[in-house]
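What follows is each chain in one-letter form.
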Amino acid sequence: MSAETPAAPGQFTRRRLQFRSWRGTRPFWAGLYILLAGFPIMYFPYAHLQIGNLTVAMATTAGAGSLIIGVLLVVLGISLWYQKHIRTFAGIAAILLALVSLPVSNFGGFVMGFLLALVGGAMAVAWSPGAPPKPQPEGEIPPAGDDAPEAAAYYTGADGVDDGGTSQALKALGENDLSGTSPVNGANGRHSAG
């Protein structure tokens, strides 16, 4: 018998669904991209590449600026996950930091950090929370026939001859209401300005 207790059946699925619902209520991917953008921007100015016996030092005089930009991007990415109401500020700040990283930190972490921060910032600005789902009472499912929309009335002309219904429909319902017109006669609202 082992000291480890096996996970309850379905526990992994339950945790995965909890993470999915948490992830769906915030700009998760925008935060992840911004977070990942900070690492190449921080790393490359301090990196030493080994090519055989040759050491290439990437250290620049703007190493402190690169470190600050990278740390700010990481903080913005994490804050997007836990403080979703700052998404516009964090997105714009990430885009500005990405632009500043181009001249400061080796072309924005060799363009990798720049592109990640740019895409993540744009995603953060564009994200909006969805409407919460309305709870449905259990067991009360309305029959399909009760809520079905009624068929539109078909109008004939004043003399009883079918003219497509447009003349009487416009007079009876008002000029802006085109709900009773037929799409065959071309008066289905395509040419109305209001």
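This is a predicted model, so every value here is computed, not measured.

Some words on the overall build of the chain
In step 1: Secondary structure assignment for the chain yields seven helices and two strands.
In step 2: Seen in sequence order, the chain has helices and strands lined up from the N terminus as α-α-β-β-α-α-α-α-α.
In step 3: Looking at the chain as a whole, 28% of its 194 residues qualify as buried.
In step 4: Only carbon and sulfur atoms are counted for the fraction: they give 64% of the accessible area of the chain, which is about 13400 Å².

Re the confidence of the model for the chain
In step 1: Model confidence for the chain is summarised by a mean pLDDT of 76, while 61% of its residues fall at 70 or above.
In step 2: Ranking the elements of the chain by mean pLDDT puts helix α7 (residues 166-173) last with 53 and helix α6 (residues 112-126) first with 94.

Describing the environment of G31
In step 1: Mapping G31 onto the fold places it in helix α2 (residues 28-43).
In step 2: In this structure, the C-alpha to C-alpha distance between G31 and M123, residues 92 residues apart in sequence, is 8.8 Å.
In step 3: Apart from the residues within four sequence positions on either side, G31 is in contact with G77, L80 and W81.

Some words on the packing of α2 against helix α3 (residues 63-82)
In step 1: At a closest axis distance of 7 Å, the pairing of α2 and α3 adopts a crossing angle of 165°. The angle between α2 and α3 places the two elements in the roughly antiparallel class. Once α2 is placed against α3, the crossing between them reads as left-handed. Residues F28, A30, G31, L32, I34, L35, A37, G38, F39, I41 and M42 of α2 form the contact with α3, whose own contacting residues are S66, L67, I69, G70, V71, L73, V74, L76, G77, I78, L80 and W81.
In step 2: Of the residues belonging to the contact of α2 with α3, the class tally is 18 nonpolar, five polar and no charged.

A word on the UniProt feature "transmembrane region" (unreviewed entry) in the chain
In step 1: According to UniProt, the positions carrying the feature "transmembrane region" (unreviewed entry) are residues 28-46, 58-81 and 88-104.
In step 2: Annotated as 100% helix and 0% strand, the span residues 88-104 places its first and last C-alpha atoms 24 Å apart.

Structural notes on α3
In step 1: The first and last C-alpha atoms of α3 sit 29 Å apart over 20 residues, in line with the 28 Å expected at 1.5 Å per residue.
In step 2: Every buried residue of α3 is accounted for by G63, S66, I69, G70, L73, V74, L76, G77, S79, L80 and W81.
In step 3: If you follow the buried residues of α3, they end up packed against α1 (11-24), α2, α4 (87-104) and α6.

Focus on the nonpolar core
One broad trend across soluble globular proteins is that nonpolar side chains are buried collectively.
In step 1: I34, L73, L76 and L80 are the most contacted members of the largest nonpolar core, which has 16 residues in total.
In step 2: Secondary-structure elements contributing two or more residues to this core are α2, α3, α4 and α6.
In step 3: Considering each element in turn, this core owes the most residues, five residues, to α4.
In step 4: Residues in contact with L73, not counting those within four places in the same chain, are I34, L35, A37, G38, I41, A94, L97 and A117.

Quick look at unusual backbone geometry
In step 1: Notably, V111 is not glycine yet its phi reads approximately 70°, a positive angle.
In step 2: We classify V111 as partly exposed; its relative accessible area is 37%.

What about the packing of aromatic side chains?
In step 1: Applying the stated rule across the entire model yields six aromatic pairs.
In step 2: Ring centres of F19 and F28 lie 5.6 Å apart, and the angle between their planes is 90°; on these two criteria the pair is classed as edge-to-face.
In step 3: Relative to W29, the ring of F28 lies with its centre 5.1 Å away and its plane at 80°, an arrangement referred to as edge-to-face.
In step 4: Accessibility expressed as a relative area gives 10% for F28, which makes it buried.
In step 5: Residue class for W29 comes out partly exposed when judged on its relative accessible area of 42%.
In step 6: Following the ring pairs from residue to residue traces out a cluster consisting of F19, W22, F28, W29, W81 and Y82.

Scoring rules and cut-offs
Each chain carries its own residue numbering, running from 1 in the written order of its sequence. Selection of residues for local features in this predicted model requires a pLDDT of at least 70, selection of side-chain atom pairs for listing and counting requires 80 or more, and totals for whole chains, interfaces and linings are taken over all residues. Computation of side-chain values covers all heavy atoms of the structure but excludes hydrogens and water. Helix and strand definitions follow DSSP, with helices as H or I runs of at least four residues and strands as E runs of at least two, each counted in order from the N terminus. Only protein chains enter the calculation, and the probe is 1.4 Å; a residue is then buried if its accessible area is under 20% of its type maximum, exposed if over 50%, and partly exposed in between. Calculation of accessible area relied on Shrake-Rupley with a 1.4 Å probe; when residues are assessed, cover is drawn exclusively from the protein chains displayed. Each residue carries a pLDDT score, the predictor's confidence in it, ranging from 0 to 100. In this analysis, two residues are considered to be in contact whenever any of their non-hydrogen atoms come within 4.5 Å of each other. For helices, the fitted axis covers only the stretch in contact; all axes are lines through C-alpha atoms, and the angles between them, taken along N-to-C directions, range from 0 to 180 degrees. Note on angle classes: values under 35 degrees are labelled roughly parallel, values over 145 roughly antiparallel, values of 65 to 115 roughly perpendicular, and the remainder oblique. Each helix crossing is assigned a hand: it is left-handed if the near helix lies turned anticlockwise from the far helix by less than a right angle, otherwise right-handed if that turn is clockwise. Three residue categories are used. Nonpolar comprises Ala, Val, Leu, Ile, Met, Phe, Trp, Tyr, Cys and Pro, charged comprises Asp, Glu, Lys and Arg, and polar comprises the others, including Gly. UniProt positions are given in the numbering used here, feature names are shortened, and annotations may be inferred rather than shown by experiment. Expected helix span is given by 1.5 Å per residue-to-residue step, counting one fewer step than there are residues. By nonpolar core we mean a set of buried residues, namely Ala, Val, Leu, Ile, Met, Phe, Trp, Tyr and Cys, connected to one another through side-chain atoms within 4.5 Å. Two rings from Phe, Tyr or Trp (for Trp, the six-membered ring) form a pair when their centres sit within 6.5 Å of each other. Planes less than 30 degrees apart are called stacked, planes more than 60 degrees apart edge-to-face, and all others tilted.

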